[in-house]
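Structural characterization, general
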Amino acid sequence: MEMKRDYYEDLRLLDSPAQVFWLLLLLAALTALPFLASNYLLYTLNLMAIHVIVALGLNLLIGYTGQISLGHAGFFAIGAYATLGLMTQAGLPFWLALPLAGLISAGFGFLLGLPALRLEGPYLAIATLGFGLTITQILGRLETFGGHMGLQAPPLTVFGLAIDNDAARYAVIMPVCVVLAWALRNLTRTRVGRAFVAIRDSDIAASCIGVNLTYYKTLAFAVSAFYTGVGGGLMAFVLGFIAPHTFNIMVSILFLAMVVVGGLGSILGSVLGAILISYLQIELSRIGSLPVLGPLLMDISTRFFTESGLPNVQYVVFGLIMVLIIIFEPLGLYGIWIRTKLYWRTWPF
Amino acid sequence: MFFQLIVSGIAIGATYALMALAMVIIYKTSEVLNFAQGDMAMLSAFVAFTLLTEHNLGFPAAFAGALAFAFALGAFLEFAFLRRAKEPNVLGLIIITLGLEMILYGLASWKWGSDQKDFPFPVSDFDTHEIGAVVISDLNLVTLAVALSLMLLLFLFFRYTKAGVAMKATQQNETAARLMGIRVNRILMLTWGISSVVGAAAAFMIAPVDTLDPNLMWTPQLKGFSSAVLGGMTSLVGAVGGGFLLGVIENLFGGYVSVEFKSVVAFAVIVVILCLRPSGLFAKHYVRKV
């Protein structure tokens, strides 16, 4: 909401010294965390960081370029399987396999972007949904990737160091997340990022002022798929085991929920949304053991529902959040943050 | 072999046609692509299952009860959620229906657990008739009969009843319909109710072939989308034709090319049709206003 007065102000990476200060503080906190936090918290943070990467990629596509995708679990799966495949079958080291898997995923993103040139709105949603469903079905049939039984992640070493606990995985995942977030922030300030936004606001107007729709739409899909693929590659090692059903349609919808809840077209929003949804996902999957809510829901479950189905309450919560956000706060958490900031700006007047 | 594939393709296509019809009814009236369609149908199938097994109702009573539930559910969702969205855009509407889909999925798997159940049905898939060289099962025949009679009913409804004509008017021009004294909000509720009933009927036919679990309708929903795209999202006749056509194409692909990758056909059809003829095979060409 800051007023931009000239072009160079718009181009700056950081707007104010205050922002620099908070950013440095955040980086320092992120660096200090593995030495302070418990294993469980680090595991949670790893999941969150991966989801932040995916949400950033998806937000680039939906929030910045205005193209809907309901198939990002497909790219997530491709990234995960490609990383494991490149490491176990081609014998590549992790630091090479991960970006390569991202590129393979980006290749599929480019291919999915081609029909997207002709499609818009609901049609694109259908096509990408079909992509997401189809990829997992194909992966289930490929015997080299373990079929429906899935794949075990090999022991991970990066530059000779064994990555075998959550703190070490954190040290791998968090830098990737920070670098990718920084890269996306940069991308949105460049010619490419402006072209994306122009396409979102009106693709016909954008092509009239010389934005090559073919190039930029497929590029948006490819970059978005790259982010998601890298996220998938990291996810394979956090989970330790992947199977086609790890990447079902619900995963795609959760990614979408992160972006929508966080706020479309905002990097801060993607981060907030990914953190909130992953936190809820982890907490709600063991909802029965939560302090006050757990016994109450358990009681309701035994009377009217089934106890074994109780963790599925999370889907009800996510669904409600998505519906309510769209109805009451279409800008998401980012919108709430902006309004809070504006409210306090002139405090105490 | 060839005729067998075509006949069983038509039988399976009948359920796709019903799903496509359910989606197109809503899409045509309100431009909402309903991603909750499959799970609305799934929930209705579970209600039928509960009425049959726990309340020991007969088949006619249980199915009628479940269809009434489906109608109420559709109307309620439109009233409670879709209508509340202020100035929604395409993405917003898609997200709302996806959210509803998750809510319904969560409720169903909370209530009935995620284990697979056998859906009782009066006719079986294993009693078969031979006509010439073609084998067709009782279930296939019933599916076809139900699908065709529902389509006929819908046709008569749109053609001869006041509500049906009002619905068509709303589809053509909502503002004009409102000015002519049609209560558009009620029409939308009715649309969602009818669409939900059609989807539920499809789910009753699909559940006995498959097993009943909360994931029951995901694949049929994609097939329904695919059929609707094949026939044209704005044409009821097109959706039905698309459903049968997709069933046949899929079966021929499974028979002659590869059974393994049969599930890819629906997606391939979507991509090919959208690239070559985005308005579908049977619908008039659609031009976007700038």
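Look up: the structure comes first, before these words.
Here's what I pulled together on the structure shown here. Note that the structure is predicted; figures quoted are calculated from it, not measured.

A closer look at the overall build of chain A
In terms of regular secondary structure, chain A is built from 15 helices and four strands. On C-alpha atoms alone, chain A measures out to a radius of gyration of 21 Å, which is about the 20 Å that the 2.2 N^0.38 rule sets for 349 residues. Taking the principal axes of its C-alpha atoms as reference, chain A extends roughly 55 × 50 × 45 Å. Taking the contacts inside chain A whose residues are at least 6 apart along the sequence as the reference set, 76% of them involve residues at least 24 apart.

Let's talk about the packing of helix 6 (residues 162-172) of chain B against helix 8 (residues 184-206) of chain B
Residues and elements named next belong to chain B. Interhelical geometry of helix 6 versus helix 8 gives an angle of 105° and a closest axis separation of 10 Å. Considered as vectors, helix 6 and helix 8 are oriented roughly perpendicular to each other. Packed against helix 6, whose contacting residues are A163, A166, M167 and T170, the element helix 8 presents V184, I187, L190 and T191 at the interface.

A few points about unusual backbone geometry
Negative phi is the rule for most residues except glycine; trans is the rule for most peptide bonds. Residues and elements named next belong to chain B. A positive phi is found at E31, a non-glycine position, where the angle reads about 60°. Summarising the element assignment, E31 is placed in the loop between helix 1 (2-30) and helix 2 (37-53). Of the residues examined, E31 has 16 C-beta atoms within 10 Å and is grouped as partly exposed. Within the chain, N56 stands out as a residue other than glycine whose phi angle is a positive 55°. With respect to the helices and strands, N56 occurs in the loop between helix 2 and helix 3 (59-80). A count of 9 C-beta atoms within 10 Å places N56 in the exposed class.

Some remarks on the interface of chain A and chain B
At the interface, 41 residues of chain A touch 39 residues of chain B. Of all elements in the fold, only helix 6 (121-141), helix 11 (249-262) and helix 14 (313-328) of chain A reach the threshold of two or more residues within the side of chain A that touches chain B. Looking at the side of chain A that touches chain B, the element that brings in the most residues is helix 6 of chain A, giving 14 residues. Tallied by class, the residues present in the side of chain A that touches chain B amount to 29 nonpolar, 10 polar and two charged.

About the thresholds
- Residues numbered from 1 in each chain as written.
- Chains lettered and ligands numbered in written order.
- Predicted model: local features only at pLDDT ≥ 70, side-chain atom pairs only at ≥ 80, totals over all residues.
- Helix = DSSP H or I, 4+ residues; strand = E, 2+ residues; numbered from the N terminus.
- Rg over C-alpha atoms; globule rule 2.2 N^0.38 Å.
- Contact = placed C-beta atoms within 7 Å.
- Axes fitted to C-alpha atoms, helices over the stretch in contact; angles between N-to-C directions.
- Parallel < 35°, antiparallel > 145°, perpendicular 65-115°, else oblique.
- Buried ≥ 20, exposed ≤ 12 C-beta atoms within 10 Å, placed from the backbone.
- Nonpolar A, V, L, I, M, F, W, Y, C, P; charged D, E, K, R; others polar.

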